[in-house]
Amino acid sequence: MMDLKGTGVALITPFDENQEVDKDSLVRLVKHVIGGGVDFLVVLGTTAETTTLSPEEKAEVADIIVRENRGRLPLVAGVGGNNTREVVRELKEYDWLKNFQAILSITPFYNKPNQTGLIEHFRQVAAASPLPLCLYNVPGRTGVNMSASTITQLAAECPNIIALKEASGCIEQATAILRGKHGDFTLLSGDDSLTLPLMALGFEGVISVMANIMPSVCAKMVNSIRCGNYPEARKIHLALSLLCRALFEEGNPTGVKAALHAAGIIRHNVLRLPLIPASPDLYARIREYISRL
């Protein structure tokens, strides 16, 4: 079983002016984050606008990242959805998954299953997965919250469910998950703004959006927490706080794409509908925050 700890980056998918995958910008982004000292890469997650990509584009993005990574960091692939049979089919048929080390799978969205439905969904996903599985709980996007007891039950029943990306934004829920977790189950923050408090409680890392643009600073904060240097971690947390808030002000990945474009890491500030680029005011503020940092 792989060890998902430290700083993971939820990579974006750059597009060109014709809204096609911008291969050169993607290569530049991968070089940028690996050079920043992060611990693993998350490919084709929510931040990658994966719901707007065709199967062929998903394979292309995965292939580009695998080639540029050259085995340096563990790779986690996002494979999830609200049709259990389709998720199982994808896990069995996506040939490119052989180059990855783990799967990140989101709770089913829109359908709003109850906790029993979530358990049955992830039992089938875990049984079909060729790789260790990281659950992803993000009720603000999906409309359903996976409870602490459901997470504990799935981790106990399914040996290949090894981690959780928790993005409920609820400290009380995070505390309940920590109380119920077994020793080798990894808990990761899914909210950049809560990385410090959640890791202070006992979480072991983050899957970060902000690390696309500030990989070395995010990694330094996480490493400071892991070695108990909380004064340094608090200093970084506060320094990043305005940028962190701005990145999510008009949705994700709207803010982080604006930041990457302002920094010259991606060539075009392009998103696929229904998402649109950041407003001029937000873009200007993000550029200012980056220049300060």
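Residues numbered from 1 in each chain as written. Predicted model: local features only at pLDDT ≥ 70, side-chain atom pairs only at ≥ 80, totals over all residues. Heavy atoms only, no water.

Caption draft 1: How the structure looks around the layout of surface pockets. The space that makes up the largest pocket amounts to roughly 660 Å³. Contributing to the lining of the largest pocket are 31 residues, with Gly 45, Thr 46, Thr 50, Thr 51 and Phe 109 lying nearest its centre. Looking at the lining of the largest pocket, the elements that each hand over two or more residues are α3 (84–93), β4 (102–106) and α5 (139–142). For the lining of the largest pocket, the class distribution of residues is 12 nonpolar, 13 polar and 6 charged. Approximately 320 Å³ is the volume found for the second largest pocket. Together, 18 residues line the second largest pocket, and Gly 190, Asp 191, Val 209, Phe 248 and Asn 252 are the ones closest to its centre. The residue inventory of the lining of the second largest pocket, partitioned by class, reads 7 nonpolar, 6 polar and 5 charged. (1 Å grid on protein atoms, 1.4 Å probe; cavity = no way out; pocket = protein on both sides within 12 Å on 5 of 7 lines; lining within 4 Å. Points joined across faces, edges and corners; volume = space filled by probe spheres on them. Helix = DSSP H or I, 4+ residues; strand = E, 2+ residues; numbered from the N terminus. Nonpolar A, V, L, I, M, F, W, Y, C, P; charged D, E, K, R; others polar.)

Caption draft 2: Local environment of helix α12 (residues 280–292). Here α12 contains 13 residues, and its C-alpha end-to-end distance of 19 Å stays within 8% of the 18 Å for a straight helix at 1.5 Å per residue. Listing the buried residues of α12 in full gives Leu 282, Tyr 283, Ile 286, Tyr 289 and Ile 290. Each buried residue of α12 lies within a common arc of 125° when the element is viewed along its axis, so the set occupies one face. Seen from the open side of α12, the exposed residues pointing more than 90 degrees away from its buried face are Pro 280, Ser 291 and Arg 292. (Expected span 1.5 Å × (residues − 1). Buried < 20%, exposed > 50% of the residue type's maximum accessible area, 1.4 Å probe, protein only. Arc of directions from axis to C-beta.)

Caption draft 3: Region of the structure containing the pattern of salt bridges. Under the defined criterion, the tally for this structure stands at 18 salt bridges. A salt bridge links Lys 5 to Asp 3; the nearest nitrogen and oxygen atoms lie 2.5 Å apart. Here Arg 267 ties to Asp 22 by a salt bridge, and the two come within 2.9 Å at their closest N and O atoms. Residue Arg 267 is found in the loop between α11 (254–262) and α12, and its partner Asp 22 is found in the loop between β1 (6–10) and α1 (23–35); the two are separated by 245 residues along the sequence. (Salt bridge = Lys/Arg side-chain N within 4 Å of Asp/Glu carboxyl O.)

Caption draft 4: Structural view of the nonpolar core. The biggest cluster of nonpolar side chains holds 89 residues, and the ones touching the most others in it are Leu 41, Ile 65, Phe 100, Ile 213 and Ile 286. The element that contributes the greatest number of residues to this core is helix α10 (residues 230–247), accounting for 7 residues. Leaving out residues up to four positions away in the same chain, Ile 286 has contacts with Leu 243, Ala 246, Leu 247, Gly 255, Ala 258 and Ala 259. Val 76, Ile 106, Cys 134 and Leu 188 belong to the second largest nonpolar core, which has 17 residues in total. (Core = buried A, V, L, I, M, F, W, Y, C linked by side-chain atoms within 4.5 Å. Contact = heavy atoms within 4.5 Å.)

Bear in mind that shape data such as this cannot, by itself, settle questions of function.
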